[in-house]
Every structure is written in structure tokens, then in C-alpha cells.
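# Commentary on secondary and tertiary structure
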Amino acid sequence: MSDKKRFYLSTPIYYVNDVPHIGHAYTTLACDVLARYKRARGYEVCFLTGTDEHGQKVEKAAQAKGETPLELADRVVKRFQSLWDKLNISNTDFIRTSQERHKLAVQEIFRNIEAKGDIYLGEYEDWYCTPCETFWTETNLLDGNCPDCGRPTDKLKEESYFFRMSKYQEQLLAHIEANPDFIQPKSRRNEILSFIREGLRDLSISRTTFSWGIPVPGNDKHVIYVWFDALTNYISALGYPNDNDGEFSKFWPCDVHVIGKDILRFHTVYWPTFLMAAGIPLPEKVFAHGWWTVEGQKMSKSLANVVEPNMLIDKYGVDAIRYFLLREVPFGLDGDFSHTALVHRINSDLANDLGNLVSRSTAMLNKYFKGELTSPGETIDIDKILQDKFTKQVKVVDGHMEALAFNKALQSIWELVSAANKYIDDSAPWTLAKDDAQRERLGSVMYNLLEAIRMIGLLVTPFMPETGANISKILGVDPTDQHLEEHDSWGLLKPGTIIEKATPLFPRIETE
RNA sequence: GGCGGUGUAGCUCAGUUGGUUAGAGCAUGCGGCUCAUAUCCGCAGUGUCCGGAGUUCGAAUCUCUGCACCGCCA
């Protein structure tokens with residue numbers, strides 16, 4: 001073990017029965033920003049995303065289209081991957097549950113737990129809808145009928161393997177109580193605590209009604225149940241049960257599983273108890289974010305209001321979308337996606353505040369110094385205040401990033417944008433420019449201003465990689481080297497640098 | 001039905017262990033600058049802090065109760 005800092009974070013694996021929408025993009029984007037931030041802070045990052053491909057729904061959907069489940073999955077996987085490219089997602093691996101490495105891991109963990117006596121063969125009894133080939137619990141039925149198709153259901157028994165989840169109730173409870181940050185946000189933690197206190201039952205972890213899945217070791221009649229299969233991706237991607245390349249011992253336990261609030265229970269009850277049974281350490285943290293409504297309405301296929309991320313990116317630009325999604329809503333709460341809110345954010349925050357700051361600053365440098373940065377002279381009070389503000393704010397942003405409070409981090413960065421704009425007003429370069437005796441002072445002001453922009457660019461890079469690179473290019477700084485550790489102190493721009501007048505970073509969106 | 005949460009400016013929210021004139025951003029109004037993508041900066045508001053009762057010298061903050069909304073479970 002070297003002492004290099006490491007960070008492992010994951011998105012859920014997305015089910016290939018659905019095509020990518022704003023919700024998928026949101027989760028993945030949040031992870032990407034965190035991953036980029038951690039890298040900028042000197043961490044070696046493992047950033048995992050992927051797809052969940054097994055199960056009855058996929059099997060049936062494929063059948064309906066006259067293709068194999070794997071062919072269907074291949075098709076949908078491409079759509080996810082091309083969206084991630086387009087969104088500038090920097091994942092370091094992409095796991096598919098249909099891959100051999102995953103199958104090995106799932107069967108191994110199954111065998112492992114079974115050998116310890118925590119998996120047993122029993123009978124699963126529930127209400128079965130024959131046309132849908134789906135089991136329903138009594139409480140899910142609508143007047144005794146299938147909630148999907150409305151047809152009558154029958155009580156059926158099926159042989160099934162069970163995981164002795166009940167055995168781990170107290171251990172899990174103790175873990176959550178001893179680790180207040182294990183489940184975030186807090187409101188979700190409370191929900192899970194009360195869920196566990198009501199009592200955990202053993203969990204059915206195999207099915208015999210379909211075959212598109214991973215067979216139970218030693219009993220091919222059974223396919224391993226979707227969540228037992230899917231959750232294991234977080235370690236199968238690291239090579240579990242092997243550690244030949246050292247990935248598993250290097251990155252496990254995971255620092256954070258970022259998920260949507262709909263799959264909280266699977267990640268904070270099922271997954272930890274599986275791991276306990278297998279004798280594997282638990283992840284450090286599970287963070288459940290909220291959902292997006294669209295123009296005030298719940299997203300649904302029937303309303304046809306599902307937001308298509310590719311279209312948004314084409315229309316507004318990738319960085320604008322990245323900015324909006326993480327700035328508009330506190331991570332963990334629900335939010336609303338509306339066209340007017342998006343345009344408002346783009347125009348006021350990106351075009352007016354940040355974009356215009358860069359425009360006016362580079363324009364002045366060109367007007368007064370033909371674009372050449374001069375050495376700063378004497379530092380006066382307002383310079384010092386500006387510098388202190390920036391130096392302190394870097395730490396504030398860091399705190400927010402640690403807490404996954406992306407909106408607060410951006411808010412804090414924008415306080416710097418405001419401070420820089422205010423600095424221009426306070427120092428009034430256009431007045432200084434009229435007096436030859438103030439030439440040196442004018443040069444200092446310009447230097448401080450451009451330096452402020454450099455720092456802003458640095459902080460903004462994990463959120464908006466293209467914009468960060470643009471700002472670097474404008475300032476003549478190496479855009480590929482954005483390490484915060486080496487660059488987050490004041491005064492690193494080189495005097496003598498020629499900086500051209502920048503074209504607008506973000507064009508205003510004119511509304512009628 | 002059980003458990004938990006929320007209700008503060010037009011909107012979105014912050015309000016630490018109860019303590020002076022209740023805050024921020026956006027929106028609104030007014031003023032200033034002119035370097036800039038008609039951008040930027042400053043100032044100003046407005047609040048029965050959901051209703052009611054109680055504890056206290058003092059409550060948005062604690063207790064009880066009513067109403068409304070939300071989440072999880074059944």
C-alpha cells in the first residue's frame with residue numbers, strides 16, 4: 001500500500017429496459033463532478049458506472065423484438081455510453097452485468113454466503129399474474145388483480161433460494177447508528193432506520209420463471225435474483241473475488257455509492273447485509289439524491305415529458321446543462337426542470353456574471369496594455385481583500401464538495417465571480433487609464449483581475465470542463481493541468497503573458 | 001392506520017445551544033458606472049416566522065394542540 005490518496009465512487013448500474021433520461025444523466029453527472037474534483041485534489045479515482053442487463057423484463061422485451069437479450073442490451077448500452085461521452089463523463093470503468101467478470105463475482109459471493117449457511121432453499125409464495133409472468137405481493141394488488149395489466153392473479157408457490165437477511169438486522173442497525181454519515185441525506189437515514197426496526201425478513205434471491213440471468217451455482221433451474229446480481233457490480237468491477245491487479249484491495253471499501261432515492265433500500269439494507277454475510281467491509285457512504293419534475297409535473301412516459309438529455313446538450317451546450325443541473329437544486333432534494341429556469345441560469349449566471357467578467361477583463365487588458373500582463377505593483381487594501389476572499393473561499397468550496405453540496409459549492413464560486421465584478425467597479429480601470437501616473441496601478445488591477453479569473457476557472461473546471469479549459473487557454477495556462485493543490489494560491493499568472501480579447505464564453509439566449 | 005419530516009419576504013430557501021431593528025439569492029423599484037455579451041456595481045423595501053394555547057424576563061427557535069402539505073412503511 002502506497003500512501004497515495006484514493007477515492008472510489010459509483011453510479012447505480014442502469015437498467016437496459018429503459019433509455020437514458022435526465023435522471024440517469026443527473027446521477028452520472030454528479031459523480032463525474034465529484035470524480036473530477038477529487039482528481040484535482042490529487043486523488044487516484046475509480047469512477048464506476050455501467051448497466052444492469054438481466055431479468056424478465058429485458059428477456060421479454062428482447063423476445064418481442066425478435067432479438068436476444070444480449071443484442072438488446074448491446075444496443076441500449078451504446079446509447080448510454082454515447083450520452084456519457086457527450087456529457088463529458090470521466091468514468092474509469094463501465095461494468096455490464098452480462099460480462100464474465102461479473103458473473104464470476106456474483107456466483108462466488110453466492111457460494112460464499114451459502115457456505116456460511118446464510119442461503120437456504122425454501123418456498124416463495126405470492127400472487128402470480130400468468131400473462132405477465134410476474135409475482136406480486138398482496139399489498140401491491142389492485143382489487144386482487146395484477147397492477148400492471150389488471151387481470152386476475154393466482155396464489156402460487158415457487159421454489160426459491162433465500163438469504164438470511166433477518167439474521168443481520170441488529171448488526172445493520174448498529175452499523176447505521178454508529179456511522180451517522182453512512183446514509184445521506186439524514187431524512188433518508190431515518191426512513192431506513194425505521195424500516196429496519198420494523199423487522200427484516202429473509203429475502204428471496206432466486207427465480208425459476210425466466211432464464212436471462214446468472215444461474216445459481218449448482219442448480220441451473222434457478223437464476224439469481226436481480227438485486228443480488230446487480231449490487232455485486234460494485235465489487236465485480238474491482239475484480240472480486242480475485243485481487244490479481246490489486247484493484248480490490250486498493251479501492252474497496254467504496255467511498256460513496258451515489259443513487260436515486262428510489263433504490264435506497266436496496267443499497268442500505270440488502271447490499272450491506274449481503275456484504276456482512278460475505279465478510280466484506282461495507283461502503284463508507286450511500287448518498288440518495290432527489291428526483292426531477294419537468295415544468296412542475298412528474299416525469300412519465302404517458303405524459304411524454306421525459307427530458308431527452310442529448311437534445312438539451314445540442315441546444316444549450318454541455319457545460320450549461322452540467323451547471324444548471326447541479327446549481328439549481330440542493331443535491332438530495334427534488335427539483336424542477338423548467339425551460340425558463342434553465343435560460344435564466346444560463347443568461348444571468350453564465351453569460352452575464354461569469355462570461356461578461358471574462359469579456360470585460362480581457363477587453364480592458366487589450367485596450368490598455370495591448371493584451372500584455374504586467375507585473376503587479378504595490379498591493380493596496382482592496383487588492384488584499386480580494387485575495388483573502390479567494391484564498392478563504394477555496395476552502396469553503398472544498399467543504400461543500402466533501403459534503404456533496406454541489407449547489408453550495410457553485411454558489412460559493414459565484415460569490416467570487418461577484419467579488420471580481422465588484423473589484424472592477426471599485427478600482428475603475430477606465431479612470432486609471434486616463435492618468436499616465438496611474439499606469440502601474442492600472443497594471444496591478446488588471447493582473448489581480450485576470451488572476452481572479454484564473455482561480456475561478458480552476459474551481460469551475462470539475463463542473464464545466466470545457467469552460468475551465470477555455471479559460472485556461474484564454475489566460476495562456478496549461479489546460480490539462482488543473483490540479484488544485486498546486487494552483488489554488490494567489491499570484492501564479494506569469495507577467496508578460498499575452499492575453500487576447502476573449503470571445504463570449506456563453507452567448508445570451510434571447511427569449512421572445 | 002404506524003413512524004418521520006415540512007410549513008419563514010412575490011418565488012426558492014437559511015436561521016447554530018431560545019436573547020438586541022428576522023436573513024440570502026432571484027424577481028420588483030430607484031440610483032451609479034461605461035471596460036464589457038444592453039452587461040456590471042450600489043441602495044430600498046415589503047414578512048400575523050401556518051392557527052391556537054403554554055413555559056420564560058424574553059420563542060421563528062422549547063412543550064401541547066389544531067390545520068395543510070410531503071416522505072417511508074403497512
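Residues numbered from 1 in each chain as written. Chains lettered and ligands numbered in written order. Predicted model: local features only at pLDDT ≥ 70, side-chain atom pairs only at ≥ 80, totals over all residues. Heavy atoms only, no water.

Okay, the sheet that holds strand β13 (residues 286–289) next. Hydrogen bonds between backbone atoms are what pair the strands of a sheet, whose relative direction is either parallel or antiparallel. With respect to topology, 6 strands assemble into an open sheet ordered β3-β2-β1-β12-β13-β7, the strand pairing being parallel. The two strands at the open ends of the sheet, each matched to only one other strand, are β3 (93–96) and β7 (183–184). As judged from the 4 bridges shared by strand β2 (residues 44–52) and β3, these two strands associate in the parallel manner. Each bridged residue has a counterpart across the sheet, and for T51 the counterpart in β3 is R96. (Pairing = 2+ DSSP bridges. Helix = DSSP H or I, 4+ residues; strand = E, 2+ residues; numbered from the N terminus.)

Our focus in this paragraph is the side chain of S204. Secondary-structure assignment places S204 in strand β8 (residues 203–204). Polar contacts involving the side chain of S204 include one to the side chain of R207, which spans 3.1 Å. Those residues in contact with S204, other than ones at most four positions away along the chain, are Y124, S160, Y161, F162 and Y225. (Polar contact = N/O pair within 3.5 Å; in protein donor to acceptor, adjacent residues only side chain to side chain. Contact = heavy atoms within 4.5 Å.)

With 12 residues, helix α6 (residues 186–197) should reach 16 Å at 1.5 Å per residue; the first-to-last C-alpha distance of 17 Å fits that figure. When we look at burial in α6, the residues that qualify are R188, R189, I192, L193 and I196. What you see down the axis of α6 is that its buried residues fit within an arc of 140°, all on one side. Those residues of α6 hidden inside the fold are in contact with α5 (169–178), β7, α10 (264–278) and β13. Phi for G199, located one or two positions after α6, is positive at around 110°. (Expected span 1.5 Å × (residues − 1). Buried < 20%, exposed > 50% of the residue type's maximum accessible area, 1.4 Å probe, protein only. Arc of directions from axis to C-beta.)

This part covers the protein's contact with RNA strand B. E191, E198, R265, N356 and R360 are the nearest of the 27 residues found near RNA strand B. Looking at RNA strand B alone, sugar and phosphate atoms form 73% of those within 4 Å of the protein. Residue R265 places a side-chain N or O atom 2.5 Å away from a phosphate oxygen belonging to RNA strand B. Interatomic distance of 2.6 Å between a backbone N/O atom of F506 and a base nitrogen of RNA strand B. Counting only elements with at least two residues in the surface near RNA strand B, the list comes to α6, α13 (339–369) and α15 (406–427). (Near = heavy atom within 4 Å.)

Below, the discussion takes up the sheet that holds strand β11 (residues 219–224). In space, the 3 strands of this open sheet follow the order β9-β11-β10, with antiparallel pairing throughout. Both edges of this open sheet fall to β9 (206–207) and β10 (215–216), since each of them pairs with a single strand only. When β9 meets β11, the two strands line up antiparallel, connected through 2 bridges. Bridging across to β11, R207 finds its partner in V223.

It is worth spelling out the packing of aromatic side chains at this point. What the rule picks out here adds up to 29 aromatic pairs. When the ring of F390 is compared with that of W490, the centres are 5.6 Å apart and the planes differ by 70°; the resulting orientation is edge-to-face. With a gap of 100 residues between them, F390 in helix α14 (residues 381–402) and W490 in the segment after α19 (484–487) connect regions that are remote in the sequence. The same class applies to F390 and to W490, which are both buried. In this structure, K38 is placed above the aromatic ring of Y43, and the distance from its NZ or CZ to the ring centre is 4.5 Å. Just above the ring of Y124 sits the side chain of R207; from NZ or CZ to the centre is 4.7 Å. (Phe/Tyr/Trp six-rings, centres within 6.5 Å; stacked < 30°, edge-to-face > 60°. Lys NZ or Arg CZ within 6 Å of the ring centre and 35° of its normal.)

Another aspect to go through is α14. Along its 22 residues, α14 runs 32 Å from first to last C-alpha, staying within 8% of the 32 Å computed at 1.5 Å per residue. Those residues of α14 that fall on the buried side of the exposure criterion are D383, L386, Q387, F390, Q393, V394, V397 and M401. Check the buried side of α14 and you find it contacts α1 (22–40), α15 and α17 (439–460). One or two steps after α14, the chain reaches L404, where phi turns positive at roughly 55°.

A few words now on the environment of L354. In this structure, L354 sits in helix α13. Given a relative accessible area of 1%, L354 falls into the buried group. Sequence spacing of L354 and S418 is 64 residues, and the spatial spacing of their C-alpha atoms is 8.5 Å. Leaving out residues up to four positions away in the same chain, L354 has contacts with D349, W414, V417, I456, M464, T467, L505 and F506.

Attention now moves to the nonpolar core. F406, W414, L450 and F463 are the most contacted members of the largest nonpolar core, which has 106 residues in total. Other than its neighbours up to four places away in sequence, F406 contacts A30, V33, L34, L326, F331, M401 and F463. Ranked by size, the runner-up nonpolar core spans 59 residues in total, among them F251, C254, F266 and L275. (Core = buried A, V, L, I, M, F, W, Y, C linked by side-chain atoms within 4.5 Å.)

Mean pLDDT over chain A works out to 92, with 95% of the residues at or above the 70 mark. The complex prediction reports pTM at 0.94, with the ipTM value standing at 0.93. (pLDDT = per-residue confidence, 0-100.)

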